[in-house]
Amino acid sequence: MSRTRNILFALAAVALVGTIAAFVAWRSLFATFDIDEPTNIYVRPTTTEADIRQQISDRFAPGSMLGWTILSHTFPYTPHTGCYTVEPTDDLLSVYRRLRRGQQTPVRLTVPSVRRLARLAGTLANCLMLDSAEVATAFADSAFAAAQGYNTASLPSLFIPNTYEVYWDTSLERLMQRLKREHDAFWQAEGRDEAARELGMTREEVATLASIIDEETNYGPERARIAGLYINRLHRGMPLQADPTVKFALGNDSLRRILNSHLRTPSPYNTYLNTGLPPGPIRIATIASIDAVLNAEKHDYLYFCAREDFSGSHNFARTYAEHMANARRYQQALNARGIRK
């Protein structure tokens, strides 16, 4: 009787230990992470499951990796590239499932209004699994631009500064397809295509003029007025004489004062030497300036000059004599501040 009791006791102990072990194993699947805010795991083509396990152990400190060990032995997987966001409320099981299934988290890509596409290449590489040098090379390649329906000069007009949700491992080709769809949707919305046709301008021409306005002013209320002034000049066959195009031609965006010697810079972008619009945008135009062109003020101004108070606003003029008086006041203000270049 005593022996039977001992056997039963031993079996009960084994069952209890097994139950406890099973409970511990089950609980380990739901171990949470020692993080206070959402944190990303980036999986590259060279990342292995062991690399991911190490990231989880080192960066997220779940307390126990037993659950991960159980899952990796029971449901092994080959890592899928992508960005996977781990929330503070997530557990090992939910994260493992997403990684195993390749259910990556979209990232928010903001296309900025920058002066050079090389800068945009850097922005894309910082946000996506892209190489900035390769992207910059592609942007400067005529065949790449032609594949998008542009040339290298007009390519900046494709990009609409906005924030988009994309996957981190999106290829440049797929990204360009997405941005082209966003570009078309933007122009087809709110009557923009119709407004451009009424002006007798293409999308690219509107973006080019808008990019000049972006460089001319940060003062929102004047954008549509400056747009109307430049349109007046275009209609009269007058050169735009836009100082920002000279800076672009010189490749020097830091110039604060345009000298007569600068105005003689030979370049198709120099709107002092050439009539009409330059070959393409001198930066990625903002939505505000694109809409300012499409809703340009109707007036008879032909000239404008920065105000001598450096407020960021401008003096507008209908005649050259009036403009020269405004320009002299501004030049005197520059001299008074010792601004020579």
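**Student:** Can you explain the overall build of the chain? Please cite residues and give values.
**Tutor:** Looking only at helices and strands, the chain has 15 helices and six strands in total. Out of the 341 residues in the chain, the part that is buried amounts to 44%. Of all intrachain contacts in the chain linking residues separated by at least 6 positions in sequence, the fraction that spans at least 24 positions is 63%. A total of about 18,100 Å² of accessible surface is found on the chain, and carbon and sulfur atoms cover 51% of it.

**Student:** Before we move on, can you summarise the confidence of the model for the chain with the specific residues and values?
**Tutor:** Here the chain averages 85 in pLDDT, while 89% of its residues score no lower than 70. Across the chain, element-level confidence peaks in helix α14 (residues 287-294) with a mean pLDDT of 97 and bottoms out in helix α1 (residues 2-28) with 41. Counting contacts from residues 5-26, a segment whose pLDDT is below 50, to residues more than four positions away or on other chains yields three contacts.

**Student:** Report on the pattern of salt bridges, specifying residues and quantitative values.
**Tutor:** Following the criterion strictly, the structure yields 13 salt bridges and no others. Residue Arg203 is joined to Asp184 by a salt bridge in which the shortest nitrogen-to-oxygen separation is 2.9 Å. Separated by 19 residues along the polypeptide, Arg203 in helix α10 (residues 203-216) and Asp184 in helix α8 (residues 172-188) bring together distant segments of the chain. Between Asp300 and Arg318 there is a salt bridge; the shortest N-O distance is 2.7 Å. Pair noted here: Asp300 is in the loop between α14 and β5 (303-306) and Arg318 is in the loop between β6 (314-317) and α15 (320-336), with a separation of 18 residues, a long-range link. A relative accessible area of 40% means that Asp300 is categorised as partly exposed. In this structure Arg318 comes out as partly exposed when scored by relative accessible area, which is 42%. Via salt bridges that share partners, Lys180, Asp184, Asp193 and Arg203 belong to a single interconnected network.

**Student:** Residues and numbers for the pairing of strand β4 (residues 163-166), please.
**Tutor:** Burial along β4 is one-sided: Tyr164 and Val166 are buried, and none of Thr163 and Glu165, which face the opposite way, are. One ladder, built from four bridges, connects strand β3 (residues 107-110) with β4; its direction is antiparallel. When the sheet's bridge partners are listed, Thr110 is paired in β4 with Thr163.

**Student:** Break down α14 for me, citing the residues and quoting the values.
**Tutor:** If you check which residues of α14 are buried, you get Ser289, Ile290, Ala292, Val293 and Leu294. Looking at the packing, one finds that the buried side of α14 touches α8, α9 (192-199), α10 and α11 (223-236).

**Student:** I'd like a description of the packing of aromatic side chains, backed by residues and values.
**Tutor:** Applying the stated criterion to the full structure yields 10 aromatic pairs. With 5.5 Å between their ring centres and 40 degrees between their planes, Tyr301 and Phe316 make a pair best called tilted. With Tyr301 in the loop between α14 and β5 and Phe316 in strand β6, this residue pair connects regions lying 15 residues apart in the sequence. In this structure Phe316 comes out as buried when scored by relative accessible area, which is 10%.

**Student:** A description of the packing of α10 against α11 should follow, citing residues and the corresponding values.
**Tutor:** For the pair α10 and α11, the least separation of the axes is 10 Å and the interaxial angle reads 125 degrees. In terms of axis orientation, α10 runs oblique to α11. For the pair α10 and α11, the sense of crossing is right-handed. The residues of α11 that touch α10, namely those facing Leu209, Ile212, Ile213, Asp214 and Glu216, are Arg223, Ile226, Ala227, Tyr230 and Ile231. Split by residue class, the contact of α10 with α11 holds seven nonpolar, no polar and three charged.

**Student:** Describe the packing of α10 against α14, and please don't skip the residues or the numbers.
**Tutor:** Running from amino to carboxyl end, α10 crosses α14 at an angle of 115 degrees, the nearest separation of the two axes being 8 Å. Here α10 and α14 pass one another in a crossing that is right-handed. In this structure, α10 contributes Val206, Leu209, Ala210, Ile213 and Asp214 to the contact, and α14 contributes Ser289, Ile290, Val293 and Leu294. Tallied by class, the residues present in the contact of α10 with α14 amount to seven nonpolar, one polar and one charged.

**Student:** Let's hear about the environment of Ala147: which residues, and what values?
**Tutor:** For Ala147, the position within the fold is in helix α7 (residues 142-147). It is 9.9 Å that separates the C-alpha atoms of Ala147 and Met176, two residues lying 29 residues apart in sequence.

**Student:** Describe the environment of Val246, naming the residues involved and giving the relevant values.
**Tutor:** With respect to the element layout, Val246 can be found in helix α12 (residues 243-250). Between the alpha carbons of Val246 and Pro268 there is a distance of 9.8 Å; along the sequence they are 22 residues apart. Leave out the neighbours within four places in its chain, and Val246 touches Ile258, His262, Leu263, Asn270 and Tyr272.

**Student:** Now, about the environment of Leu277: what can you tell me, with residues and values included?
**Tutor:** Here Leu277 is to be found in the loop between α13 (260-263) and α14. Owing to a relative accessible area of 24%, Leu277 belongs among the partly exposed residues under this scheme. Excluding its chain neighbours within four sequence positions, the residues that come into contact with Leu277 are Met201, Glu205, Thr208, Leu209, Leu234 and Leu240.

**Student:** Could you give an account of the nonpolar core, with specific residues and numbers?
**Tutor:** Judged by nonpolar contacts, the single largest core of 59 residues is most densely connected at Leu120, Phe139, Leu155, Phe159, Tyr230 and Ile290. The element best represented in this core is α8, accounting for six residues. Here Ile290 is in contact with Ile160, Phe186, Trp187, Val206, Ala210 and Ala285, once residues within four sequence places are set aside. Ile35, Ile52, Trp68 and Tyr84 belong to the second-largest nonpolar core, a separate cluster that totals 18 residues.

The rules we used
All residue numbers refer to positions counted from 1 along the written sequence of the respective chain. Whole-chain, interface and lining totals are the exception, using all residues; otherwise, since this is a predicted model, local features are given only for residues with pLDDT of at least 70 and side-chain atom pairs are given and counted only at 80 or more. Computation of side-chain values covers all heavy atoms of the structure but excludes hydrogens and water. Counting from the N terminus, the helices are DSSP H or I runs at least four residues long and the strands are E runs at least two residues long. Only protein chains enter the accessibility calculation, which uses a 1.4 Å probe; a residue whose area is less than 20% of its type maximum is buried, one above 50% is exposed, and one in between is partly exposed. We call two residues in contact when some of their heavy atoms are within 4.5 Å. Accessible areas in this description were obtained via Shrake-Rupley with a 1.4 Å probe; residue shielding takes into account the shown protein chains only. Confidence of the prediction at every residue is given by pLDDT, a number between 0 and 100. Every case where a carboxyl oxygen of Asp or Glu lies within 4 Å of a side-chain nitrogen of Lys or Arg is listed as a salt bridge. Whether two strands pair depends on DSSP finding at least two bridges between them. Whether two aromatic rings pair depends on their centres lying within 6.5 Å, for rings of Phe, Tyr and Trp, where Trp uses its six-membered ring; planes under 30 degrees apart make the pair stacked, over 60 edge-to-face, and the rest tilted. Axis definition: a line fitted to C-alpha atoms, over the contacting stretch in the case of helices. Angles run 0 to 180 degrees between N-to-C directions. Roughly parallel refers to an angle under 35 degrees, roughly antiparallel to one over 145, roughly perpendicular to one between 65 and 115, and oblique to any angle outside these ranges. Each crossing gets its handedness from the near helix: less than a right angle anticlockwise from the far helix is left-handed, clockwise is right-handed. Residue polarity follows a fixed list, in which Ala, Val, Leu, Ile, Met, Phe, Trp, Tyr, Cys and Pro are nonpolar, Asp, Glu, Lys and Arg are charged, and the others, Gly among them, are polar. Among the buried residues, those of types Ala, Val, Leu, Ile, Met, Phe, Trp, Tyr and Cys that are joined through side-chain atoms within 4.5 Å form a nonpolar core.

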